[in-house]
Amino acid sequence: QVIKCKAAVAWAAGEPLKIEEVEVAPPQAMEVRIKIHYTALCHTDLYFWEAKGQTPLFPRILGHEAAGVVESVGEGVTDLKEGDTVLPVFTGECGECRHCKSEESNMCDLLRINTDRGVMISDGKSRFSINGKPIYHFVGTSTFSEYTVTHVGSLAKINPEAPLDKVCILSCGVSTGMGATLNVAKPKKGSSVAIFGLGGVGLAAAEGARIAGASRIIGIDLNSDRFEKAKLFGVTEFINPLDYKKPIQEVIAEKTDGGVDYSIECTGNVKAMIQAFESCHDGWGVAVLVGVPHSDAVFATSPVNFLNERTLKGTFFGNYKPRTDLPGLVELYMDKKLELEKFITHEVSFADINKAFDYMIKGESLRCVINVIGN
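Residue numbers restart at each chain and count upward from 1, following the sequence in its written direction. Reporting in this predicted model follows two pLDDT cut-offs: at least 70 for local features of residues, and 80 or more for side-chain atom pairs to be given and counted; totals over whole chains, interfaces and linings ignore these cut-offs and use all residues. Hydrogen atoms and water are omitted, and side-chain values are computed over all heavy atoms in the structure.

Per an unreviewed UniProt entry, the recorded name for the chain is Alcohol dehydrogenase 1, and the organism is Pinus banksiana. What the UniProt record of the chain gives under Subcellular location (unreviewed entry) is the line "Cytoplasm". Recorded under Sequence similarities (unreviewed entry), the UniProt text for the chain is reproduced unchanged: "Belongs to the zinc-containing alcohol dehydrogenase family." UniProt positions are given in the numbering used here, feature names are shortened, and annotations may be inferred rather than shown by experiment.

## Details of the overall build of the chain
Going along the chain from the N terminus, every DSSP run of H or I of four or more residues is numbered as a helix, and every run of E of two or more is numbered as a strand. When its secondary structure is counted, the chain shows eleven helices and 17 strands. Only C-alpha atoms enter the radius of gyration, while the globule expectation follows 2.2 Å times N to the 0.38, with N the number of residues. Since a compact globule built from 375 residues should have a radius of gyration of about 21 Å, the 21 Å found for the chain is in line with a globular shape. With the principal axes as the frame, the chain shows a C-alpha extent of 65 × 40 × 40 Å. Whether a residue is buried, partly exposed or exposed follows from its accessible area with a 1.4 Å probe, protein chains only, as a fraction of its type maximum: under 20%, in between, or over 50%, in that order. Going through the 375 residues of the chain one by one, you find that 55% of them count as buried. Of the roughly 16,100 Å² of accessible surface on the chain, a fraction of 50% belongs to carbon and sulfur atoms. Here the positive residues are Lys and Arg and the negative ones are Asp and Glu; neither His nor the chain ends is included. Just so you know, the charge point we use is NZ for Lys, CZ for Arg, CG for Asp and CD for Glu. Each charge class in the chain can be summarised by its mean position, and for the 39 positive and 47 negative side chains these summaries are 0 Å apart. All accessible areas in this document rest on Shrake-Rupley with a 1.4 Å probe, and a residue is counted as covered only by the protein chains that are shown.

## Considering the sheet that holds strand β12 (residues 237-239)
With respect to topology, six strands assemble into an open sheet ordered β12-β11-β10-β13-β14-β15, the strand pairing being parallel. Edge positions in the sheet fall to β12 and β15 (311-314), since each has one partner strand and no second. Each strand of the sheet is rotated relative to its neighbour by a mean of 20°, with strand direction disregarded. Along the sheet face, helix α8 (residues 270-278) touches β10 (192-196), β13 (262-265), β14 (286-289) and β15 and points at about 170° away from the line of β13. Here, any two strands with at least 2 DSSP bridges between them count as paired. The convention used is that axes are lines fitted to C-alpha atoms, helices contributing only their stretch in contact, and that angles between N-to-C directions extend from 0 to 180 degrees. Only heavy atoms matter for contacts: two residues are in contact if any of them lie within 4.5 Å across the pair.

## Some details on unusual backbone geometry
A negative phi angle is the norm for most residues apart from glycine, just as the trans form is the norm for most peptide bonds. Look at the link from Phe58 to Pro59: it is a cis peptide, with omega at -5°. Mapping Pro59 onto the fold places it in the loop between α1 (43-50) and β4 (65-73). You will see that Lys186, though not glycine, has its phi angle at about 55°, which is positive. Note on placement: Lys186 falls in the loop between α4 (173-185) and β10.

## Looking at the packing of α4 against helix α5 (residues 200-212)
The interhelical angle for the contact between α4 and α5, taken along N-to-C directions, is 45°, at an axis separation of 7 Å. Between α4 and α5, the angle falls in the class oblique. Two packed elements cross with a definite hand, and for α4 against α5 that hand is right-handed. Contact with α4, carried on its side by Gly173, Val174, Thr176, Gly177, Met178, Thr181 and Leu182, involves Val201, Ala204, Ala205, Glu207, Gly208, Ala209, Ile211 and Ala212 of α5 and no other residues of that element. Here the residues of the contact of α4 with α5 are counted per class, giving nine nonpolar, five polar and one charged. Comment on the angle field: the value is read as roughly parallel under 35 degrees, roughly antiparallel over 145, roughly perpendicular from 65 to 115, and oblique elsewhere. In this scheme the handedness of a crossing depends on how the near helix is turned from the far one: anticlockwise by less than a right angle means left-handed, clockwise means right-handed. Three classes are used: nonpolar for Ala, Val, Leu, Ile, Met, Phe, Trp, Tyr, Cys and Pro, charged for Asp, Glu, Lys and Arg, and polar for all others, with Gly counted as polar.

## A closer look at the packing of α1 against helix α11 (residues 353-361)
Where α1 contacts α11, the axes come no closer than 11 Å and their chain directions differ by 100°. The pairing of α1 with α11 is recorded here as roughly perpendicular in orientation. Across the interface between the two elements, His43, Leu46 and Trp49 of α1 pack against Phe357, Met360 and Ile361 of α11. A class-by-class count of the residues in the contact of α1 with α11 yields five nonpolar, one polar and no charged.

Written out as structure tokens, the structure is:
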């Protein structure tokens, strides 16, 4: 059956979201309809709402960090059923393609993130409408709605005991940053790690370094106000590049006897990417790029930096396979080995969803959780 429910619709770039009554169609083959309990605002939502760097697609239901419960399943869905607790994820895991079958990759051929697609893969149609007019989807999740429809491969089934207002933030930013450190950099106990950019993803990268047992975690950010908060995530030292006349990679080399063992770049700024790579120690240093640069950006460094045995890596969603790996991250939280509460700085009602955007624009929030079920 079609469900009528509330959704926060973005009608145009930069305009406040409007709570509307939408119709949500039943799930088709290999699709699942879920009831969203909590969703969070990620910077990617803000970026596509502002529509400053890509093709605008409106009206649209944004949102991709969330947790909810399966309401119904479409034909062919066998590993999820009504009542299952799930995390929807902006990238999927079909389980069949070469990427999914590879131990090295999580970049599913079928369900890899596609920010331009506003419809379902199976039939090229939207499952949302208002008075018969289609409303576009966002990255296959569209969690700013009381009900949404996703491909089954974009849902991770998790422990039903998990508090959904906390684990919802594992759908994107926290997993991306933490995985960049734990799965890609793989710092050894007692090593030194530099984190470039102390936003939500950067702090998650620091959390990963803390969990791995790094002895020095150096935070680099242009905003010195972020250091105090960063200490909660294991950051031991702070460097603001604006305080120095020389290149920041030289500053780091001086402070660390030649460079850090590992660096994680979480800004998307190509200059910071180069700095992160060049701040690694020769012989063994590993740099991991997490931030997404402008499409025209070019990375330039001397080939000698590679010949001197530095390694440069990239990562997508922290190299986590969503369906396979996210349930384990939830258990890590349940076992009190991962602290999610410190990432959540605000909570608002669904009716006040635009406040979450205000907090992020002003730089006041790390993660603002939006209570969808409380309305």
